Amino acid sequence: MPKVTLHVDGEIIQQEVKDNANLVVLAGIKQFPKLKYGCGMGKCTRCTCRVIEGGEQLAPPNWKEEKMLGGKLEEGYRLTCQLTVKDTLEISQENINIKRKKKVLTESGNRK
């Protein structure tokens, strides 16, 4: 079973999870405490983390992560709601300040 280490709010939490686990799902059912999350669908960025170790075992960022995180992906940031844990992983939610991109209304009233 993979072991996940989470750095959050000055604490370090280590826990084993089942293969192919999603941490936000586990947090939602109270099986992975302290993880910050919101919508669980890649829209709010509240679950953003920085991968410290184990990023090579994760699938490449999907279109939701590319849209919401942009260039931050190159700095090791990911959305935990979009990750499937297959091996040991160390992540941090310390000092992350990524805001959801706001939609802008054009003169015609359309969103872009």
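The structure under discussion appears in the preceding block.
As the structure is a computational prediction, the values presented were derived from the model and not from experiment.

Reading the values: rules and limits
- Residues numbered from 1 in each chain as written.
- Predicted model: local features only at pLDDT ≥ 70, side-chain atom pairs only at ≥ 80, totals over all residues.
- Heavy atoms only, no water.
- Core = buried A, V, L, I, M, F, W, Y, C linked by side-chain atoms within 4.5 Å.
- Buried < 20%, exposed > 50% of the residue type's maximum accessible area, 1.4 Å probe, protein only.
- Helix = DSSP H or I, 4+ residues; strand = E, 2+ residues; numbered from the N terminus.
- Polar contact = N/O pair within 3.5 Å; in protein donor to acceptor, adjacent residues only side chain to side chain.
- Contact = heavy atoms within 4.5 Å.
- Pairing = 2+ DSSP bridges.
- Axes fitted to C-alpha atoms, helices over the stretch in contact; angles between N-to-C directions.

Topic: the nonpolar core
Right, on to step 1. Formed by 27 residues in total, the largest nonpolar core has its most connected members in V17, L23, F32, L35 and I91.
Right, on to step 2. For this core, the secondary-structure elements that each account for two or more residues are β1 (3–8), α1 (23–28), β3 (48–53), α2 (63–69), β4 (77–79) and β5 (89–92).

Description of the side chain of N22
Right, on to step 1. Mapped onto the secondary structure, N22 falls in the loop between β2 (11–16) and α1.
Right, on to step 2. In this structure the side chain of N22 is engaged in a polar contact, spanning 3.0 Å, whose partner is the backbone nitrogen of V25.
Right, on to step 3. Beyond its immediate chain neighbours, meaning those up to four positions away, N22 contacts T80, C81, Q82 and L83.

Some thoughts on the sheet that holds β2
Right, on to step 1. Here we have five strands laid out as an open sheet, ordered β2-β1-β5-β3-β4, and mixed in their pairing. Edge positions in the sheet fall to β2 and β4, since each of these pairs with one other strand and no more. Averaged over neighbouring strand pairs, the angle between their axes works out to 35° when direction is ignored.
Right, on to step 2. Sheet analysis places β1 next to β5, joined by four bridges and oriented parallel. Looking at β5, one finds that L6 is bridged to I91.

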